[in-house]
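Tertiary structure, described
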Amino acid sequence: LEQKLASIAAVGISPSVIPLIRLVSIEDRCVLSVRVEQGYQRPYQVAGGPEAGRAFVRIGSSTRRADAATMERLRLQSRGLSWDILPCHDLSLSDLDNSLIETFIQRRLQHRAIPRPEIPLERWLRKARFAVDGAAGAVPTMAGVLLFHPRPGEVLPQAGLEMARFRGTDAGEFLDKHSADAPVWHLYDEAVVFFRRHMPTGAKRDIEGRTERPAYPELAFRELMVNALCHRSYESGTGPVRLAIFDDIIEITNSGPLPEGLELADLGTGISVLRNPVLARAFNELGLIEGWGTGIRQALRHLAEHRLPPARIVEKGFFTQVSSVWRWPADLRPDEPRILELVSANGTVTSRDVATHCECSDRTARNRLRAMAERGLLRKTGTTKGAAYVLP
């Protein structure tokens, strides 16, 4: 087996890899330990047989064949490059909108106190990696197109935003829909306008009286939307960012799995891996992101303050989707909204917590929690005696 693995590494993979293979003894058993360091000649492909020339990537717990966009991303990574600094040879700098560049410079000054550039515009664009040298002069980079072309979708069809408000809880009947093709930072503005148009305002009573507030915290929405626009995969063959608002959930879907080196468990912990570093720097200079991996954490904090459950982030093939509840189901029974808010705020509850919060007996609290778990509103954890309940 050791020889077989060494042979596969040497002749079955192109470029070949050199694994560290050891025989170790664990509890009187002989175990073959194989370690393969991260390579720098990606993509690595199958060298022979029916799968010759194909590369495979790991998506969650499954192995899938890499598509053309993933192959190109791997090639760029092996050269220490990112997609957003590649030249767009189909355009020249004259195709960029100078008024957009001027607005960008003014917003940098306003939000980050970054002085106006004192060098010629073309030289500044090169220095900021919004432009590079081409065969016949300077051409914009992909980041330059996304930021300063009035209609980037004419050049990069995947660089857009599709928004929809559906009736009910599934994608059946449209109440409103809109497709936007604009500079990526303007897409963010359009998404906020669409969100405001379809997010109702509710009333809250406290010791200071009655106050109006949106059903879903706008700051959380802003963080999740800017994250999707800035950190998505823009390689060819991918689709636009999609914003879908249902009667109970907001869904934001962007192309590309999480960047390599970042796991779902890392989200909200402050760990950040930049897929598009030039674009991320521009968003930071506009005051849209902080650059410290705090966006998801801030969104979760705003949701908790609004007594809503944490947003759920999942990878679906070559896409990443954020689902966030903005309204509890309409058919909730008495006290169930209060119980859901309590679980959302604390992460978990027991029957004693519910009894205290809802001013009922422990037996009544147990029955309500059991009924909510049977209907899929909560999930039971632990033994019967020490049972706790969390959001599903």
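Residues numbered from 1 in each chain as written. Predicted model: local features only at pLDDT ≥ 70, side-chain atom pairs only at ≥ 80, totals over all residues. Heavy atoms only, no water.

Some words on the sheet that holds strand S15 (residues 312-316)
- Read from one edge of the open sheet, 6 strands run S10-S9-S13-S14-S16-S15, paired in mixed fashion. Strand pairing shows two members of the sheet lacking a second neighbour, strand S10 (173-180) and S15, which therefore form its edges. The average undirected angle you get between the axes of adjacent strands in this sheet is 15°.
- Across 7 bridges, the pairing between strand S9 (residues 161-167) and S10 is antiparallel. Directly across from Leu 161, in S10, lies its bridge partner Ala 180.
- With respect to the sheet, helix H6 (residues 184-198) is in contact with S9, S10, strand S13 (241-245) and strand S14 (249-255), its orientation differing from that of S9 by roughly 10°.
- Packing of helix H7 (residues 218-231) onto the sheet brings it into contact with S13, S14 and strand S16 (319-325), and relative to S14 it is tilted by some 20°. (Pairing = 2+ DSSP bridges. Helix = DSSP H or I, 4+ residues; strand = E, 2+ residues; numbered from the N terminus. Axes fitted to C-alpha atoms, helices over the stretch in contact; angles between N-to-C directions. Contact = heavy atoms within 4.5 Å.)

Some thoughts on the side chain of Thr 141
- Its place among the elements puts Thr 141 in the loop between strand S8 (137-140) and helix H5 (142-148).
- Only 2.9 Å separates the side chain of Thr 141 from the backbone oxygen of Arg 129, close enough to count as a polar contact.
- Every residue in contact with Thr 141, bar those within four places of it in the chain, is listed here: Asp 84, Ile 85, Leu 86, Pro 87, Cys 88, Arg 129, Phe 130, Ala 131 and Val 132. (Polar contact = N/O pair within 3.5 Å; in protein donor to acceptor, adjacent residues only side chain to side chain.)

Some points on the packing of H7 against helix H9 (residues 295-305)
- In contact at an axis separation of 8 Å, H7 and H9 are set at 155° when each is read in the N-to-C sense. On the basis of the axis angle, H7 is roughly antiparallel to H9. When the axes of H7 and H9 are compared, the crossing they make is left-handed. In contact with Leu 219, Ala 220, Glu 223, Leu 224 and Asn 227 of H7, H9 contributes Gly 295, Ile 296, Gln 298, Ala 299, His 302 and Leu 303. (Parallel < 35°, antiparallel > 145°, perpendicular 65-115°, else oblique. Left-handed = near helix turned anticlockwise from the far one by under 90°.)

A closer look at helix H8 (residues 277-285)
- Taken residue by residue, H8 has Val 278, Leu 279, Ala 280, Ala 282, Phe 283 and Glu 285 as its buried positions.
- On its buried side, H8 packs onto helix H3 (98-112), H5, H6 and H7. (Buried < 20%, exposed > 50% of the residue type's maximum accessible area, 1.4 Å probe, protein only.)

Points about the nonpolar core
- Phe 130, Tyr 216, Phe 221 and Ile 250 are the most contacted members of the largest nonpolar core, which has 70 residues in total.
- Those residues in contact with Ile 250 that lie beyond four places of it in its chain are Phe 195, Met 199, Tyr 216, Phe 221, Leu 243, Ala 244, Ile 245, Val 322, Ser 323, Ser 324 and Trp 326.
- Membership of the second largest hydrophobic core comes to 19 residues, among which are Val 343, Val 354, Leu 369 and Tyr 389. (Core = buried A, V, L, I, M, F, W, Y, C linked by side-chain atoms within 4.5 Å.)

Quick notes on the packing of aromatic side chains
- With the rule as written, the count across this model stands at 11 aromatic pairs.
- Residues Phe 130 and Phe 148 carry aromatic rings whose centres are separated by 5.3 Å and whose planes lie at 85° to one another, so their mutual orientation is edge-to-face. Taken together, the residues Phe 130 in the loop between helix H4 (121-127) and strand S7 (131-134) and Phe 148 in helix H5 connect sequence positions 18 residues apart. Phe 148 shares its class with Phe 130; the two are buried.
- Their ring planes at 35° and their centres at 4.7 Å tell us that Phe 166 and Phe 174 sit as a pair that is tilted. (Phe/Tyr/Trp six-rings, centres within 6.5 Å; stacked < 30°, edge-to-face > 60°.)

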